[in-house]
Every structure is written in C-alpha cells, then in structure tokens.
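# What the coordinates show
Residues per chain, in single letters:
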Amino acid sequence: MSEKRYFRQQNPFIVPTTDGKLIEEHIGQASTGTSQYSVAHMVAPPQWSEPHQRPEFDEVTIVVRGRKRFEIDGDVVELGAGESLLIKAGARVRYSNPFDAECEYWSICVPAFSPATVNREEE
C-alpha cells in the first residue's frame, strides 16, 4: 500500500492568544510539521492590533469579511472583503483591525510562519 499524496485537515491547531484573535493553523509547523509554507484562518476582533514586525517570510493575506489595515514600510493599505495582499519578507509591517467589526481572513506564509522568524518589535 502506498502513502497517500494528500492530507485532509479536520482539526486545525488553535494558536493560543491573549488578544482575542482567533488563529486556526490548517497547515504549518504547529499543525502538520510543514516548514515550506503555512495556511491559517484568522478572525481579528474590532480594535485589534499587534506590534510592528519584520518577518523573514512572504505573507499573502486574503480578506473574507470585514476590513484589515496594514502599515508597510511607512505606507498604509486597507483591504476589504475579496481583496488580497502580498507582503514580501523583510518589510516592516504592522497588522491591525481599527474598525468596529471583526475581520475574517486567510494567511499563507512562505516559508511557514514561525515565532522565531516573525521578529516582533517591543511596544
């Protein structure tokens, strides 16, 4: 019997957070041991933000519902539902949802997201 060439994720890894943000990693280091890329479903509550960071991975964000703000190397970009954004590794970025409704989105990181390579700044 040969090894299956697919993986069905039925129990994504729920990343523990203290800021009310839901992070469900479907594929990645924490959920499947995959280091080449990660795929996560997220819901950011209203008025949520995190510190600036300078990740060592490319990140694609696809907004499903609500709006999300990005501060990227001094520029401000806001995405709405149905829009996507690629942020290249090494950019200084801050993610936030300064709006009154939650924001649901998907994040794909290449290579996979890792706390060791996100390089968050102290606030």
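Everything quoted here is computed from the prediction, not taken from an experiment. (Residues numbered from 1 in each chain as written. Predicted model: local features only at pLDDT ≥ 70, side-chain atom pairs only at ≥ 80, totals over all residues. Heavy atoms only, no water.)

### Considering the overall build of the chain
A tally of regular secondary structure across the chain gives 1 helix and 10 strands. Taken from the N to the C terminus, the helices and strands of the chain come in the order β-β-β-β-β-β-β-β-β-β-α. In summary, the chain has a C-alpha radius of gyration of 15 Å against a globular reference of 14 Å for 123 residues, a match within 12%. Oriented by its inertia axes, the alpha-carbon framework of the chain measures out at about 55 × 30 × 25 Å. Here the chain, with 123 residues, has 37% of them falling under the buried criterion. The long-range share in the chain, meaning contacts at least 24 apart out of those at least 6 apart in sequence, stands at 63%. When the accessible surface of the chain is totalled, it reaches about 7400 Å², and 51% of it is carbon and sulfur. Charged side chains in the chain number 13 positive and 19 negative. The centres of these two groups are separated by 5 Å. (Helix = DSSP H or I, 4+ residues; strand = E, 2+ residues; numbered from the N terminus. Rg over C-alpha atoms; globule rule 2.2 N^0.38 Å. Buried < 20%, exposed > 50% of the residue type's maximum accessible area, 1.4 Å probe, protein only. Contact = heavy atoms within 4.5 Å. Areas by Shrake-Rupley, 256 points an atom, 1.4 Å probe, with all protein chains shown as cover. Lys, Arg positive; Asp, Glu negative; His and termini not counted. Charge placed at Lys NZ, Arg CZ, Asp CG, Glu CD.)

### Focus: the UniProt feature "domain: Cupin type-2" (unreviewed entry) in the chain
In the numbering used here, UniProt assigns the feature "domain: Cupin type-2" (unreviewed entry) to residues 42-108. Secondary structure within residues 42-108 divides into 0% helix and 60% strand; the distance between the first and last C-alpha atoms comes to 11 Å. (UniProt positions renumbered as here; feature names shortened; annotations may be inferred.)

### Quick notes on the sheet that holds strand β9 (residues 93-97)
Spatially, β4-β9-β6-β7 is the arrangement adopted by the 4 strands of the open sheet, whose pairing is antiparallel. What marks the edges here is a single partner per strand, and that holds for β4 (48-49) and β7 (75-80). Two strands pair when backbone bridges link them, and strand β6 (residues 67-72) and β9 are joined in this way by 4 bridges, in the antiparallel orientation. Bridge pairing in β9 places E71 opposite R94. (Pairing = 2+ DSSP bridges.)

### Focus: the side chain of N97
Along the chain, N97 turns up in strand β9. Ignoring any residue separated from it by four or fewer positions in sequence, one finds N97 in contact with A44, P45, P46, Q47, W48, R67, E102 and C103.

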